[in-house]
Amino acid sequence: MTTPAYSGLGPALTYVHDRPLEPGTLVRVPLGKRELLGLVWEAPGLSLEGLEPGQARAVLQVFDAIPPLNAAWRGLASFAARYYQRSLGEVALAALPPQLRDLQAEQLARKLKRLAKAAAGNPKTQGRQVNQAADSEPQMPESLSVGDTKAGPELSPEQAIALQRFQAADRPALLFGTTGSGKTEIYLRAVQELLEQDPQAQALIMVPEINLTPQLEARFMERFARWGVVSLHSGLTPAQRLDHWLAAHQGRARIVLGTRMAIFASLPQLRLIVVDEEHDPSYKSQEGARYSARDLAVYRAKRESQGRSPAHCRVLLGSATPSLESWRAAEIGRYLKLEMPQRIGGGALPRLRLVNMNHQPKQCVLAPALLESIAERAARGEQSMLLLNRRGYAPVLACHACGWKSDCPHCSAHAVFHKIDRTLRCHHCGYSSRVPYACPGCGNLDIAPVGRGTEQLEEQLVGLLAHARRADGEPIRVLRLDADSTRAKGSLEQQLAGMHEGEFDVLVGTQMIAKGHDFRRITLVASVNADGGLFASDYRAPERLFALLLQAAGRAGRDADFVASQGAAVELWVQTWYPEHPLFAALVQHDYPAFATQQLEEREAALMPPYSFQALVRAEARTQEAAQALLNLAAQAGEPLPGREHLTLYPAVPMAIQRVANVERAQMLIESDSRPALQAFLAAWQEQLQLARSQPEAKGVLRWAIDVDPLAI
DNA sequence: AGCACGCCGACT
DNA sequence: GTCGGCGTGCTC
């Protein structure tokens, strides 16, 4: 009755034990020559009499020191496995802390005894652990209302109404709140009211990125340490992850904060799920079971409420730029829409300044007016932030004599020029080589960088601002933050702290600086080259660009007092060659609803999600032909399958980056107006895919995977 | 996924 | 003649 952590083996395996085991019990079982962690699953109608001798081996150990995973959790795991077309064992066992796999039952029992003792001796032990991880983040000053031990600020009327409507909601709620409108305070209050009113209740708070957990943790710890706050994300050590998981599973932690993996945390008394920045693509897993933690949050809340009132477990999705899926659900009343258009403290939203690059001096990096504005701000003690979505010095090196380009030898992509260590690096496979002295094609010495990355922007900015001075008369200081500059552990926190202290005047970086961080002195945000998102082949690109720009804009002017005392103009500058693009018309007005309406109309006309349902099958092989053959052969074989008549199967095509690490990749898009039809077809089709593998045309196929509700096509 | 079994190239 | 490459197949 256990499932192995292996994806090819679909249904549960059968084992025997000398006494009945409750479903959800963790066990240790033999499989082949190995000993594995297993999970007891329900086995309706199975009796020992029906078993051939030797058909079932014996359970080795029972982890009876911890309670079984409950029915709601098992329901979530089996739904996720079914919906995302993976085996139950893979989903269920991947959702457990990895260290559990290596532990013997007695070791776990001993650990639990120790934890119980520690918890009895010091009820705050749990909280301490978390705080250590979070202490590098500067704390937000809270305006404490006198006599209120809960130490929350007064809610604005708008917040109070949103919270009240959420508390009365009988369906998932979408909190559409401008950046700086105080969404986090709503989360905190919702959690507080729930945990005060129900002494057992647990809440799950999800954030898109690991970088954002420390500061959220700090805010939750500050108010709710007494209730036990733990985090769950991939940055924890294996031991921490097990501890935190156990704390949640045993109900010692009543608040769990985490990234997408936290959706599978065992929370026996789960009553509230918050998904912050619900539109963020990080919620969609890109490997293993390709689940959407946001979608599973909605499912899980419903499943937890099964057989109880619909509001037993509530779910709150928050965003300043909701996904079009959630937006539409709110429009048609499937979700409750809560709106908070005002910034707390009345801070003005940044004014959009579109820079028409057609009218700028030739070859200019930053418009002169933008440079000047940055310099003026630095002179007044204000900070600026520049976004450029490309790390490295230049995306490619090229020889103008023979046309040679710095291509990665293993991928169909350029190797990026990193000037700092004079390397060419492929961002897809990790290949790295020294920059050649002369062109490998023709020996020409004149090989030059083409295009611009953050390293180069930083360098040019320092040059362009050489004449300018800070308030203290010193030269302007530029900080670059991207995956390269923050590789060392703790260096992101350290550099962010420097930015907060005002050590730097200008911050240059990739996406990672646009999200969440609370910079107090930034009054200008600029997107150096936004056009990539305007005409990308991916139909979701405009949506992502809009979200990125608004989110980045939200970094500016967060401290209304600072802005007022400076008399600062809070601005978002966007450099573009296409200023007339309709996306910008909506952006000028900060009008997400208008943008969403326009995008949804396009989607409806083209019958794209959320007006249709998609799945993507990707194949990897030694040759492109084999990868495509597998998909096309399986498609042919799938003709008679259930649901097929409601589907469109497009021909297999090479992926955008066709070859990565010497593996050829192809994909096939499947579209349907019926989710059940798509589900039924995919479930049956797996077998055809498996069979197609043994055809001679598909020789050299390495693997294939189905991505249900893919984000990028 | 692991781990075994099984059939073809360069070494003591 | 063996060590070892990774292709194919199985695990209650």
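Residues numbered from 1 in each chain as written. Chains lettered and ligands numbered in written order. Predicted model: local features only at pLDDT ≥ 70, side-chain atom pairs only at ≥ 80, totals over all residues. Heavy atoms only, no water.

1. Some words on the sheet that holds strand β5 (residues 61-62)
Spatially, β3-β2-β5 is the arrangement adopted by the three strands of the open sheet, whose pairing is antiparallel. The open sheet has two edge strands, β3 (34-39) and β5, and neither has a second partner. In the sheet, strand β2 (residues 26-31) pairs with β3 via six bridges, with the strands oriented antiparallel. The residue of β3 that forms the bridge with arginine 28 is leucine 37. (Pairing = 2+ DSSP bridges. Helix = DSSP H or I, 4+ residues; strand = E, 2+ residues; numbered from the N terminus.)

2. A few points about the pairing of strand β20 (residues 478-481)
Here β20 shows no split at all, with Val478 and Arg480 on one side and Leu479 and Leu481 on the other all buried. For β20 and strand β21 (residues 506-509), the ladder comprises four bridges, and the chain directions are parallel. Following the sheet pairing, leucine 479 is matched in β21 by leucine 507. (Buried < 20%, exposed > 50% of the residue type's maximum accessible area, 1.4 Å probe, protein only.)

3. A look at the pattern of salt bridges
Here the structure, examined in full by the defined rule, presents 40 salt bridges. Between arginine 19 and aspartate 64 there is a salt bridge, with the nearest N and O atoms lying 3.6 Å from each other. On the criterion of sequence distance, the pair formed by arginine 19 in the loop between β1 (15-16) and β2 and aspartate 64 in the loop between β5 and α1 (71-83) is long-range, its members being 45 residues apart. Linked by salt bridges that have partners in common, Arg351, Arg353, Arg377, Arg380, Glu382 and Glu571 make up one network. (Salt bridge = Lys/Arg side-chain N within 4 Å of Asp/Glu carboxyl O.)

4. Comments concerning the sheet that holds strand β14 (residues 383-387)
Read from one edge of the open sheet, six strands run β13-β23-β22-β14-β21-β20, paired in parallel fashion. Two strands bound the open sheet, and with one partner strand each, they are β13 (351-356) and β20. Geometrically, the sheet is characterised by an average inter-axis angle of 20° between neighbouring strands, direction not taken into account. As defined by bridge partners, β14 adjoins strand β22 (residues 522-527) across five bridges and the pair is classed as parallel. Bridged to methionine 385 within β22 is valine 525. (Axes fitted to C-alpha atoms, helices over the stretch in contact; angles between N-to-C directions.)

5. Regarding the environment of valine 365
Among the secondary structure elements, valine 365 is positioned in the loop between β13 and α12 (368-380). Residue class for valine 365 comes out buried when judged on its relative accessible area of 11%. Taking C-alpha positions, valine 365 is 43 Å from tryptophan 704, a pair spaced 339 residues apart along the chain. In this structure, valine 365 is in contact with Met357, Arg452, Leu457, Gln460, Val528 and Gln575, ignoring residues within four places of it in sequence. (Contact = heavy atoms within 4.5 Å.)

6. What to know about the side chain of threonine 184
Following the sequence through the fold, threonine 184 ends up in helix α7 (residues 183-197). On the basis of relative accessibility, which here comes to 19%, the residue threonine 184 falls in the buried class. Those residues in contact with threonine 184 that sit more than four places away from it in its chain are Leu216 and Arg219.

7. Considerations on the packing of aromatic side chains
In this structure the tally under the stated criterion is 15 aromatic pairs. Ring centres 3.8 Å apart and planes at 5° place the aromatic pair phenylalanine 79 and tyrosine 299 in the stacked group. Residue phenylalanine 79 is found in helix α1, and its partner tyrosine 299 is found in helix α10 (residues 293-304); the two are separated by 220 residues along the sequence. A centroid spacing of 5.4 Å and a plane angle of 85° characterise the contact between tryptophan 327 and tyrosine 592, whose relative ring orientation is edge-to-face. Remark: tyrosine 592 occurs in helix α18 (residues 592-605) and tryptophan 327 occurs in helix α11 (residues 324-331); sequence separation between them is 265 residues. Summarising the burial analysis for this pair, tryptophan 327 and tyrosine 592 share the class buried. Aromatic ring contacts, followed pair by pair, group Phe176, Trp327, Phe546, Tyr592 and Phe595 into a single cluster. Across from the ring centre of tryptophan 227, 4.1 Å away, lies the NZ or CZ of arginine 226, which sits over that ring. (Phe/Tyr/Trp six-rings, centres within 6.5 Å; stacked < 30°, edge-to-face > 60°. Lys NZ or Arg CZ within 6 Å of the ring centre and 35° of its normal.)

8. Some thoughts on helix α13 (residues 454-464)
Along α13, the residues that are buried comprise Thr454, Glu455, Gln456, Leu457 and Leu461. Close packing links the buried residues of α13 with α12, β14, β16 (416-418), β20 and β21.

9. What about α1?
Its 13 residues give α1 an end-to-end C-alpha distance of 18 Å, which sits within 8% of 18 Å, the value for a rise of 1.5 Å per residue. Turning to α1, the residues buried within the fold contact β3, α2 (88-94), α10, α20 (675-692) and β28 (701-708). If you check the start of α1, you find a side-chain oxygen 3.2 Å away from the backbone N of alanine 72, and it comes from asparagine 70. Once α1 ends, the next one or two residues include glutamine 85, with phi positive near 60°. (Expected span 1.5 Å × (residues − 1). Polar contact = N/O pair within 3.5 Å; in protein donor to acceptor, adjacent residues only side chain to side chain.)

10. Some words on the UniProt feature "binding site: Zn(2+) 2" (unreviewed entry) in chain A
On the UniProt side, "binding site: Zn(2+) 2" (unreviewed entry) is annotated at positions that read Cys408, Cys411, Cys426 and Cys429 here. Across 22 residues, the annotated set stays spatially compact, with a maximum C-alpha separation of 8.7 Å. Relative to the elements of secondary structure, cysteine 411 occurs in the loop between β15 (396-399) and β16. By relative accessible area, which is 2% here, cysteine 411 ends up buried. Residue position: cysteine 429 is located in the loop between β17 (423-425) and β18 (432-434). You can call cysteine 429 partly exposed: its relative accessible area is 28%. Beyond its immediate stretch of four places on either side in the chain, cysteine 429 contacts Cys408, His410, Cys411 and Ala661. (UniProt positions renumbered as here; feature names shortened; annotations may be inferred.)

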